[in-house]
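# Topology and contacts: notes
Single-letter residue listing:
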Amino acid sequence: MRKTFRIKKPAEFQNVFDHHQSVANKYFVLYRLKKQNQKHFRLGLSVGKKVGKAHDRVFVKRRIRQAFLELKPMLDSHVDILVIARPAAAHQSQAFIKKQLEHVLKLAKLLKDENHDSNQ
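As a starting point, this report considers the structure included with it. (Residues numbered from 1 in each chain as written. Predicted model: local features only at pLDDT ≥ 70, side-chain atom pairs only at ≥ 80, totals over all residues. Heavy atoms only, no water.)

### Some thoughts on the pattern of salt bridges
For the structure on display, the rule yields five salt bridges. Linking Glu12 and Arg42 is a salt bridge whose minimum nitrogen-to-oxygen distance equals 3.3 Å. Residue Glu12 is located in helix 1 (residues 10-18), and its partner Arg42 is located in strand 3 (residues 42-47); the two are separated by 30 residues in the primary sequence. Assessed through its relative accessible area of 24%, Glu12 is described here as partly exposed. The exposure class assigned to Arg42 is buried, which follows from its relative accessible area of 13%. Two residues, Lys98 and Glu70, come together in a salt bridge whose shortest N-O distance is 3.1 Å. You can see Lys98 sitting in helix 3 (residues 94-107) and its partner Glu70 sitting in helix 2 (residues 54-71), a full 28 residues away along the chain. Look at Lys98 and you get partly exposed, because its relative accessible area is 23%. Assessed through its relative accessible area of 38%, Glu70 is described here as partly exposed. By sharing partners, the salt bridges in this structure join Glu12, Lys35, Arg42 and Asp80 into a single network. (Salt bridge = Lys/Arg side-chain N within 4 Å of Asp/Glu carboxyl O. Helix = DSSP H or I, 4+ residues; strand = E, 2+ residues; numbered from the N terminus. Buried < 20%, exposed > 50% of the residue type's maximum accessible area, 1.4 Å probe, protein only.)

See the structure below:
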């Protein structure tokens, strides 16, 4: 994922924390902040020491970034997203992490559901 898609500065993280809407499941907490004048979504990641040692945290970050890369066409483009990984995400497969991220993105209403069920 290109660096233009990332939130890196502490002030930007703080802005999302201060004006956020959040959703969560057992594996991830997701904060979102709508921004109308933005060309594409931006992603910030936080993987704390409770998740594991440094190589475990990097491993989880890579899997989260890969999942967002795969979900990119279905994501709302006018939003900043912060993902906080919980310790339960530590040793999960790529497919499982993607599925759990899809779940929290649907809870946050950030995924454009192309296969919308007509029974609802």
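### Concerning helix 2
Compared with an ideal rise of 1.5 Å per residue, which puts 18 residues at 26 Å, helix 2 spans 26 Å between its outermost C-alpha atoms and is within 8% of the ideal. Taken residue by residue, helix 2 has Asp56, Arg57, Val60, Arg63, Ile64, Ala67, Phe68 and Leu71 as its buried positions. The buried side chains of helix 2 occupy one side of the element, clustering within an arc of 135° when seen end-on. Exposed and oriented more than 90 degrees from the buried face of helix 2 are His55 and Arg62. Residues of helix 2 that are buried make contact with strand 2 (28-34), strand 3, strand 4 (79-85) and helix 3. (Expected span 1.5 Å × (residues − 1). Arc of directions from axis to C-beta. Contact = heavy atoms within 4.5 Å.)

### Things to note about the nonpolar core
In terms of nonpolar packing, the biggest core is built from 29 residues, with Ile64, Phe68, Ile81 and Val83 touching the most fellow members. For this core, the secondary-structure elements that each account for two or more residues are strand 2, strand 3, helix 2, strand 4 and helix 3. The contacts of Ile81, once residues within four sequence positions are left out, are Ile7, Leu30, Tyr31, Phe41, Arg42, Leu43, Gly44, Phe68, Leu105 and Leu110. If you look at the next biggest cluster of nonpolar residues, it comprises seven residues, including Phe13, Val16, Val29 and Tyr31. (Core = buried A, V, L, I, M, F, W, Y, C linked by side-chain atoms within 4.5 Å.)

### What to know about the pairing of strand 4
With respect to burial, strand 4 is a largely interior element, six of its seven residues being buried. With seven bridges joining them, strand 2 and strand 4 adopt antiparallel strand pairing. Counted as the bridge partner of Arg32 is Ile81 from strand 4. The sheet contact formed by strand 3 and strand 4 spans six bridges and is parallel. Within strand 4, the position partnered with Leu43 by the bridge is Ile81. This β-α-β element, strand 3 to helix 2 to strand 4, shows left-handed connectivity. (Pairing = 2+ DSSP bridges. Right-handed = clockwise from strand over helix to strand, strands pointing away.)

### Here we look at the sheet that holds strand 3
The strand order 1-2-4-3 describes an open sheet built from four strands, whose pairing is mixed. This sheet does not close on itself; its edge strands, each paired only once, are strand 1 (21-24) and strand 3. Strand-to-strand twist across the sheet, computed as the mean angle between neighbouring axes with direction ignored, equals 20°. Two elements, strand 1 and strand 2, share four bridges in a ladder whose sense is antiparallel. Bridge pairing links Val23 to Leu30 in strand 2. The sheet strands contacting helix 2 are strand 2, strand 3 and strand 4, and the helix crosses strand 3 at an angle near 155°. Seen against the sheet, helix 3 touches strand 1, strand 2 and strand 4 and runs at an angle of roughly 45° to strand 2. (Axes fitted to C-alpha atoms, helices over the stretch in contact; angles between N-to-C directions.)

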